[in-house]
Amino acid sequence: MSEKNKKQFGVWMDSHHATIVGRENVDSGKFVILGHEKVDDQFVHTSESAADNAERDFLHKLFKDITAHMQNVDELHLTGTGTAQEQFIKYLKETPQYKNVAATESTSNKMSDESLIEYVAAQFK
């Protein structure tokens, strides 16, 4: 499979937000913003265990929302500020349709959509 035909995506994420970047025509064209996803944890938790369970549930919801933008992904570059990227890679490896995704990761601060598009494009050159 040539580089031009691979379905390449980039995601900037932390534990509450994600910005998803992909190609205009799925496997060709310039990179564009495909979407922004966000989860809100507005509940008061009565115990540490409940808070941990809620955080895990919110992260899994965020992961599902992110993957909804990435059909048949071949290559993925994740970047962000914390451990959410590592957890997302683990989630992908445990999900049958994503287990063969070639995922790379880096650490970066939040950036503008335009900067993120440039950053992701540079990862796939």
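Residues numbered from 1 in each chain as written. Predicted model: local features only at pLDDT ≥ 70, side-chain atom pairs only at ≥ 80, totals over all residues. Heavy atoms only, no water.

A. Spotlight on the nonpolar core. Membership of the largest hydrophobic core comes to 23 residues, with the highest contact counts inside it found for Val11, Met13, Ile66, Met70, Leu76 and Phe88. Listed by contribution, the elements that provide at least two residues to this core are strand E1 (8–13), strand E2 (17–23), helix H1 (48–67), strand E4 (75–80) and helix H2 (84–94). Among the elements that line this core, the one with the most residues is H1, at six residues. If we skip the residues at most four places from it in the chain, Phe88 touches Met13, Phe63, Ile66, Thr67, Met70, Leu76 and Leu78. Within the second largest apolar cluster, six residues are counted, among which are Trp12, Phe31, Leu116 and Val120. (Core = buried A, V, L, I, M, F, W, Y, C linked by side-chain atoms within 4.5 Å. Buried < 20%, exposed > 50% of the residue type's maximum accessible area, 1.4 Å probe, protein only. Helix = DSSP H or I, 4+ residues; strand = E, 2+ residues; numbered from the N terminus. Contact = heavy atoms within 4.5 Å.)

B. Spatial organisation of H2. Buried residues of H2: Ala84, Gln85, Phe88, Ile89, Tyr91 and Leu92, and no others. Down the axis of H2, the sector holding all buried residues measures 160°, keeping them to one side. Those residues of H2 that are exposed and aimed more than 90 degrees away from the buried face are Lys90 and Glu94. Against E1, H1, E4 and strand E5 (102–107) lie the buried residues of H2. (Arc of directions from axis to C-beta.)

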